[in-house]
Amino acid sequence: MSETPTNFIRQIVEADLAAGKNDGRVHTRFPPEPNGYIHIGHAKAICINYGIAEDTGGKYNLRFDDTNPAGEDVEYVDAIQQDIRWLGFDWEDRLYYASDYFERLCQSAEELILSGNAFVCDLTPEQMKEYRGTIIEPGRQSPWRDRSVEKNLDLFRRMKAGAFDDGSRTLRAKIDMASPNLNMRDPVIYRIKREHHHRTGDTWCIYPMYDFTHCLSDAFEGITHSLCSLEFEDHRPLYNWFLDNLDVPCHPQQIEFARLNLSYTIMSKRRLRRLVEEGHVNGWSDPRMPTLRGLRRRGFTPESIREFMNRIGVAKAASVVDYSLLVYCLREDLNRRASRVMAVLRPLKLIIDNYPEDQVEWLDADNNPEDESAGKRKLAFGRELWIEQGDYLEDAPRKWFRLTPGREVRLKHAYYVTCTRAVKDADGNVVEVHCDYDPSTRGGWSDDGRKVKGTLHWASVAHAIDAEVRLYDYLFREASPGERTGDFIDDLNPDSLEALRGCKLEPGLAEAQPGDRVQFLRLGYFCADEDSRPDAPVFNRTATLRDTWAKVAKDK
RNA sequence: UGGGCUGUAGUAUAAUGGUAGUACAGCGGGUUCUGGUUCCGUAUGUGGGGGUUCGACUCCUCCCAGCCCAACCA
């Protein structure tokens, strides 16, 4: 992986370090809410927060921001940890939950009441909305804003004790109802909500709000730099207000960056949920999903994702990154690491007429031309082979390198063969191709300097195993899903998944374990799926190889 | 309409008053037992107008465009 380039946040952190701020400490955190699976957008936040700490000798925490039990679940708590570990980060023993701070947060709330900076408000949600004002008009003060400290304290304690109905009262900060920043218009600190919490059970009937919880949690943990996405910029004054008005161990600095957008991809939890619930994909780990689980199952490596994050940089301008860069990072990684194997996805029988009927030869094949240490393997070769349907064409264009009557090509690792004729069925479909081979080209090489432009992959009919191969393409056919009609569902790519059965694989692939990644020669990078079994292998196409021929053919 | 933020090749970013650079994508070519990899070459950019300065992507000013904010969500 390349070294992480600098960016404006790193420069701030480095300047703080140079100035001796925070006693020379760097301590960051990633604060997911456990109400869904994390996706590649979260991966950016993780890489930024954790990467900076790693590179400056600092520490990083994982903290679940579990202040709203509705929708939260231990299932997500576990899944998120798995996914972050898979990405390659280790928060050691620094796993925290905002819910662990509930008691402490309550004390901070009382501190705010005591200093006259918070009050219990009896406004209903509808009234509160009315009082809040709008973007262009100031809000009005709550009629309950001037209750005495004693009354507020009493009311708040009774809120906590369960004396009031859900939603009937809130604890609010006393700031400024006329502020142009809506977040500062006496924001709610605590709400009454009788909801079972995945960690605290039914202990609490009041839960703290994000703005109050987050800054304090950061302070409790000694966070130095609290890095979050742009939409929290407007919250920063409030973040600072709480820390300035409370007795806290430290005052972390919040810095915001632009979140990741990827072309041909949606990133919002709400929209991803809809894909799952409406059955457009097969769950959160569908290989077409941008979730970390989806990308993992698709065959992406954590290294390629981290490299991608290094390359896209960090800035404050809202941006959309080309999906092709992600694929580039994947290919760069797998080109180096993946073993080459041969698989025929759409088989067409090739018969070598001048090859001895029952002869089998075992030929040498190198596993990875990019990596000598990957070694070699033996491949069975015979008279009848499977080749790719797309590698034969009767009326070939001028630059066609593959099989067509009269043309000589190389069978990878094997022999030169010259196409003699094709057999068609009643409908005119090619069902069988015949050829002659040149025995002197064993191994796929000729001493006479003869040139063949095309090299085909193949599988021995007598030895190949059958497999299912799932070809994945963009989930959306538009770079910005939903831009045309307003509904991203309209831009779903109907061909995002094509499942091929009866694909012919070289026999060694029967032993592939789920998660194993290989390159199917000339076709792309593939990954054994979790559905794969030794007697019924299943492979997912992670990405195709770059294909300049496909581009030429398409341009014509 | 109020506030906050952001505008550098197609895309993402660097240059922090001193030669506008890098990567992906594109295009052209060499090498190659993968039309892969690799190598070489190439086009394209500071949102606009004023100003300060010997010199402006950078500082000032006006304009334009885009994003975010009116949950008892995070």
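Residues numbered from 1 in each chain as written. Chains lettered and ligands numbered in written order. Predicted model: local features only at pLDDT ≥ 70, side-chain atom pairs only at ≥ 80, totals over all residues. Heavy atoms only, no water.

A. Expanded view of the overall build of chain A. Tallying secondary structure elements over chain A gives 13 helices and 25 strands in all. Projected onto its principal axes, the C-alpha coordinates of chain A cover approximately 100 × 55 × 40 Å. A total of 556 residues make up chain A; the buried ones form 52% of that total. Taking all contacts inside chain A whose residues are at least 6 apart in sequence as the whole, residues at least 24 apart take part in 70%. Here chain A displays about 25,200 Å² of accessible surface, and carbon together with sulfur accounts for 46% of that area. Looking at charge distribution, chain A has the averaged site of its 77 positive side-chain charges lying 2 Å from that of its 92 negative ones. (Helix = DSSP H or I, 4+ residues; strand = E, 2+ residues; numbered from the N terminus. Buried < 20%, exposed > 50% of the residue type's maximum accessible area, 1.4 Å probe, protein only. Contact = heavy atoms within 4.5 Å. Areas by Shrake-Rupley, 256 points an atom, 1.4 Å probe, with all protein chains shown as cover. Lys, Arg positive; Asp, Glu negative; His and termini not counted. Charge placed at Lys NZ, Arg CZ, Asp CG, Glu CD.)

B. Up close: the side chain of Thr 170. In this fold, Thr 170 is placed in strand E5 (residues 170–173). Once you skip the residues sitting within four places of it in the chain, Thr 170 turns out to touch Phe 119, Val 120, Cys 121, Met 128, Met 159, Val 188 and Tyr 190.

C. Spotlight on the protein's contact with RNA strand B. Every one of the 66 residues lining RNA strand B counts as a neighbour, but Gln 11, Thr 67, Arg 340, Arg 410 and Gly 443 are closest to it. Within 4 Å of the protein, the contacting atoms of RNA strand B are drawn from sugar and phosphate to the extent of 63%. Between RNA strand B and Lys 193, the relevant distance is 3.5 Å, taken from a phosphate oxygen to a side-chain nitrogen or oxygen of the residue. Contacts to RNA strand B include Arg 402, whose side-chain N or O atom sits 2.7 Å from a base nitrogen. Of all the secondary-structure elements, those providing two or more residues to the surface near RNA strand B are helix H5 (125–132), strand E6 (188–192), helix H11 (302–312), helix H12 (323–337) and helix H13 (548–555). The element contributing the most residues to the surface near RNA strand B is H12, with four residues. When the residues that make up the surface near RNA strand B are grouped by side-chain class, the tally is 27 nonpolar, 18 polar and 21 charged. (Near = heavy atom within 4 Å. Polar contact = N/O pair within 3.5 Å; in protein donor to acceptor, adjacent residues only side chain to side chain. Nonpolar A, V, L, I, M, F, W, Y, C, P; charged D, E, K, R; others polar.)

D. Structural detail: the sheet that holds strand E20 (residues 459–460). Read from one edge of the open sheet, seven strands run E19-E16-E17-E18-E12-E15-E20, paired in mixed fashion. Of all the strands in the sheet, just strand E19 (455–456) and E20 have a single pairing partner and so form its edges. Across five bridges, the pairing between strand E12 (residues 347–352) and strand E15 (residues 384–388) is antiparallel. Its bridge partner being in E15, Leu 350 is matched across the sheet by Leu 385. (Pairing = 2+ DSSP bridges.)

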